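Notes for the structure review
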Amino acid sequence: MKTKEALKQVCTNLLVTQTRSPEHKNGLGKMKNVLLNTATRLALKGLATQFNLRPGLRKYLKWADGWINFSVGLRTEDQSVAASIIFSNGHVNVADSISDHVDVTLILKDESILKKMAMSTPNELLNYILKNQVVIDGNMVFMQLFNFYLSLVLGRIHQHMLNRTNTADIRERKKAVGPCNKQLAEKLAARKAYRMKAAPGIDAGVKFLTDPYLSSYGIEQFPRLAASLDRHFTQKPEVCPERPLLLTRWFRKNGFETDVNGKPWVPELRQAESFKYLMENKSPVIGKNDLLAGCTTTKPVGVLLFPDAHGAMIWGELKSSEKRVLNPFACTPKTADILHHEVFPFWTHRNFREVMREKYNTPLPLLIDERFVAYFVWKSVGISHTIPDFKRVLEKGLAGIIADIDARLLESRLSPDQKNSLTAMKTSLEGVIAYAAHLSENAFRLAAKETDKKRKAELIHMARICGKVPSGPAQSLDEALNAIWICWIAVNMENTNTGLSIGRLDQLLQPYFEMDMKTLLTSAEKEEYIKHAIEICGCFYMRMTDQVPVLPDIANYLFGGAGSTQAITLGGVTPDGKDAVNDMTYVLLKVTEMLAIRDANVNCRFHPGKNSDHYLKRLCEVNLITAATPIMHNDLAVFAALRQHGYPEADIRNWSATGCVEPTLSGRHFAHTGSILLNLVAAMEMALHNGTHPVMRWAVGPETGRVEDGDFKTFDEFYTAWAAQQGFIIDQAVALNNLYGKVHQEIRPTPYLSAVIDGCIKKGKDLVHGGALYNSSGTSNIGLVDVTDSLLVIKKLVFEDKAVSFERLKQVVDTDFANDPQLLAMVKNRVPLFGSGDPSAVAMANRVTNTIHDCYKKHLNYRGGPYTVGFWSMSQHVAYGTLSGPLPSGRLSAKAFTPGLTPSPNASLNFLDNIRAVAGLDPENMDNNIAFNVKLSPKPGESREKTIDDMHAYVKTYFNLGGMQMQFNVVTSETLKDAMANPENYRSLMVRISGYNAYFVTLNRDIQTELIERTEYGL
Amino acid sequence: MKPLVLEIKGNSLDDGPGIRSVVFFKGCPLDCKWCHNPESKRAQVEISYDSKVCIGCKTCITTCPNKAIAETNPFFIDRDACDLCFACVETCPSGALTRVGMEMSHDEILDRVIVDKPFFDTSHGGVTLSGGEPAFNMKFAGQTARKLKKNNIHVLLETCGLFDINRFYKHIYPYIDMIYFDIKLMDTDAHKKYCGADNSIILKNFSALQKKYANGGVPVLARTPLIPGITDTDGNLRAIGSWLASRDVQKIQIMAYHPMWIEKNAKIGMKLPISGNLVLSEWMSRESVERCKNILASEGLEVVV
């Protein structure tokens, strides 16, 4: 009895001292660390032993050129736990410390994360990384390789965990939404059945279509397209190793940094030679039943890889990408082996990010970038968001362009650099011509074997076309489309397939359509030809949509559901200012309506006073039928935004959308319009925390004052602090973009794209050196409305009404409003927000956009061009939302921002208030365009004509008031909820995120929720 | 007492052609049991409390100088004790407490709707004067309409039809472009019972306006709200149909019943005016609307829903 009590006493004492005495606690902490350190090392040693002993694993320690040597460190922020694993010449060892020469280190916020990590699936780990609970310091490709090794050992366990989470998720969704309502899906599909007719003779440019709306055509008349659509929605995209394998083979033989003679390569020539080799050796695939020859990959629906640009970002998932929940990719074991043994190890250091890290010694702008919260610089992925000059390609042919280059090469006084650049352009064009010739040969070969008469004729027709274009000028619609397609394949062989765009397709094709039409005599022939035109354009869309960018699972959270986002542009005015709407505009709108696919991303220009209402109504009807496309732009506002650059008016009138929505002067402008995606909320959080970002836990910004100390006596003082933080973030992002530009110049000039963009031949300069006639870099700034609303709340409640002190407001915001619902209610009800109808809120938004505009305009890019400022958000408003803390606007922690610059649902119940606010923004501050997202729900039973009249009235008035861009989701929240729980009924349900289209069921749950929560306006 | 405006609602697609702003006047000569805007009936200012919006912070309880607010009160506010000082409305953070009815000048009304003129122009819409009963304050509504007309705004009047027609001709008729005229019940006794007044003036007024319309006057559209068991009976609809047809009316609009008005009564401290067996808590089914439509169509009318 006595001993028992004594023991109890001792225990109690121990506990008390443990909680009271810090030294004692540290002592225990250290003991724990010893345990954790031991456990970590044991786990790594277990891994090492497996690789050292199991032949099935050992084979992955080497690749074609030898052993893969690298090391990975693992430690907590305060070094309480530290260990590393070293892969060296076929041996795997574990060390108790991390060497200075380690390739990459995982830094954990604290020990608790270590335990969580051990129990988490790979995509949960990604979330820790995004949320800065785990920071990766060092070479990302080696991190990917390490993940690949882990997946070889733990893949089964991970898959089991993923399956379990997934099953639970599906069960939970169904439970939350209730019973499936099949009628909703049926109603949506039924929209296709009714199609409005239109009278001829309204649009001057429409010369042949008797019903411009082409209402008699539906997908059921095009079995070829229907079959392609079915394939698109049923076939998993498959990773295609062809491109990286051919390129890597060439580089291993011919060298990358130096050539076979040990001489440093001229980057332009190296890129051109390797590109030519790729094009010459690429399989000349002709799709089953396709009307267009050629394919970017060897797969029916293929995933393109660019380890030479953005590294081997799919390495860690080669064994698991097929089974992941969102947007799975098939990857055969053979492909995985090829990529591991013959491709990826070559590129561990030869990609944009790692060259940047080594060359500039991990500069501050890169460090910030790698914390995910503040910005994303697209040049780490590649050259994207650009439009070639297809008009010249069609009119001259590539041979004609080569002749131009030859003529330039004969000129005296060319510098060696110019000569090299021009030679490289020529070499790359030769590669494309060779590829077309192979396509022609293959088409003849297939025709010879073909037994079906009709198909045989099609193949012979294609063979002849590829024998002629793109080398020679196009002389028919079929030739023009095949020429564009072949050149498009080449664009996507040279540069990463994100946001690269086609330009004004209706303007490009109309002359050839007319040429063909003029040869036809009877109306039956003409009708048959129009049907053919629809079909071949449909094939073009399908080909575009069936090449998919490589998305590691992390991208499902950052860029949910995005395809390649290849914009095509229709309508507007001609360079000389006339109505540009023509027959092909309506043909392409028909294709857009019938296919309703995410890619091509169709953007339509409307010029008030020049384009007809009848055309605008058609845009509305296509939006209604497809639920989410096309995007609509107001030419006058875009012109007003572009004029500040002093471009010639004719070029401004010839703008087309790039990627999501961004304007590029077609064919003569390297605008890299998706250079920077920047989180505006980061600077707001830093301004509220004196330069420290709470999620990054890093005092990275300037010290601009402490709210707690009453440092801000007036609203303007706080505004200045915010502007300083915003300026700091923008400076860093711009610096990173410019440094990446230099890296591009060093390792990745782009001779083929240079040859087909106006200016490069004349200047004898590659695009990356500023060869294009016009140069700029485009940015997208995300969270405008959340920042504006936060400023409005601070201004009104703290400084005008004095309803709450700034200290108190901040205190409450920091607790996610948990301890003061009254203040949250005031924030939501007492402050006229952006979109409320209050003119001073619009003035605040203009002040903010102007400040951001000025921050960017201080800088020039690495090609001497300006930065342009956009307010669209892809899906970053959701991703950045999850990575951001609560805001004075009443937006809670981790909630999505509003998409693009769409007003918050709290602002007003009246849609017209929203429209007026967005239309009231000064276009000069938005020269990289905007995304105004509007969700409409058509009234059941209302006639199509009335619904379209109403939609038209909204868009038209918005444009009349000066609005720049508008995009719709014509679907009810009820339907979206049903789709969330019953994805099997909605495989083709398309939605507009904030710039691009995606299939709803392929989106992560946060993005789905954001779409559901958007304000819905009835029609 | 000055005339009051209940609310100005923008972006309506259901109150006439195109996109419209609707000016709801306060005060009505009828007292329809099912009134979908019960807060528009009285011509006086009122206070409204929305329990769904309330966050329960009790600020109002401490603010009220008359101690008229208590959570135990079924209507939250004791309207007898309340002297409508609106101190609670000013301090309410959530917007659950609101003032119902504002004094507005014609210019203020014009200022509020003119911002939507660009939408009226593209959609062939305009302003709808509604209520309450706009003709309840004949001069005020008329002056408002005149102001709007002067600014080239299309004006539509929604009316219950109970007004002095001569004054109507003088003050309102010249300034409006279209009339939506409610015909609710044909039986006089039923009209008295459910709408609180005789319908003979209403029917007379309709006949007169319809006659003018036939001779090139302002278009009139007859409208019948379908209230289950009250106005949607076969007998009533047949009677309306044949009465209209005999006056050469070609078109009628029917408005399907919805129950969204029910909780509005409690907000302004009113008990539900209808009780008993009527099924008023559900949305009207498509079949019921179809049945009503067919009855009226069988009388030779074009029926819009």
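Residues numbered from 1 in each chain as written. Chains lettered and ligands numbered in written order. Predicted model: local features only at pLDDT ≥ 70, side-chain atom pairs only at ≥ 80, totals over all residues.

**Some words on the packing of helix 9 (residues 242–254) of chain A against helix 10 (residues 267–281) of chain A**
Residue and element names in this part refer to chain A. Where helix 9 meets helix 10, the closest approach of the two axes is 9 Å, and the angle between their N-to-C directions is 135°. It follows from the interaxial angle that helix 9 and helix 10 lie oblique. Of the two possible hands of crossing, helix 9 and helix 10 adopt the one that is right-handed. For the pair helix 9 and helix 10, the contacting residues are R243, L246, L247, W250, F251 and N254 in the first and E273, S274, Y277, L278 and N281 in the second. Looking at side-chain class alone, the contact of helix 9 with helix 10 contains six nonpolar, three polar and two charged residues. (Axes fitted to C-alpha atoms, helices over the stretch in contact; angles between N-to-C directions. Helix = DSSP H or I, 4+ residues; strand = E, 2+ residues; numbered from the N terminus. Parallel < 35°, antiparallel > 145°, perpendicular 65-115°, else oblique. Left-handed = near helix turned anticlockwise from the far one by under 90°. Contact = placed C-beta atoms within 7 Å. Nonpolar A, V, L, I, M, F, W, Y, C, P; charged D, E, K, R; others polar.)

**A few points about the confidence of the model for chain B**
With 98% of its residues at a pLDDT of at least 70, chain B reaches an overall mean of 94. We note a pTM of 0.94 for the whole complex and an ipTM of 0.94 for its interfaces. (pLDDT = per-residue confidence, 0-100.)

**Looking at the interface of chain A and chain B**
Each partner contributes residues to the interface: chain A has 17 residues there, and chain B has 16 residues. Mapped onto the side of chain A that touches chain B, the elements with two or more residues apiece are helix 32 (821–830), helix 35 (911–919) and helix 36 (944–960) of chain A. At six residues, the largest contribution of residues to the side of chain A that touches chain B is made by helix 32 of chain A. Looking at the side of chain A that touches chain B residue by residue, the classes come out as eight nonpolar, five polar and four charged.

**Examining the domain arrangement of chain A**
Residue and element names in this part refer to chain A. We note that the domain assignment places domain 1 (36–158), domain 2 (184–216 + 497–553 + 562–667 + 932–968) and domain 3 (365–381 + 668–906) within chain A. Put simply, the middle of domain 2 and the middle of domain 3, counted by C-alpha atoms, are 31 Å apart. Taken residue by residue, the interface counts 16 residues in domain 2 and 18 residues in domain 3. Counting residues per element, the side of domain 2 that touches domain 3 draws most heavily on strand 17 (residues 662–665), which supplies three residues. Its residues assigned to classes, the side of domain 2 that touches domain 3 shows six nonpolar, eight polar and two charged. (Domains from an automatic or database assignment.)

**Concerning the nonpolar core**
A:V432, A:A480, A:C487 and B:V155 are the most contacted members of the largest nonpolar core, which totals 386 residues. With twelve residues, the next largest nonpolar core counts B:Y49, B:I77, B:C92 and B:L97 among its residues. (Core = buried A, V, L, I, M, F, W, Y, C linked by C-beta atoms within 7 Å. Buried ≥ 20, exposed ≤ 12 C-beta atoms within 10 Å, placed from the backbone.)

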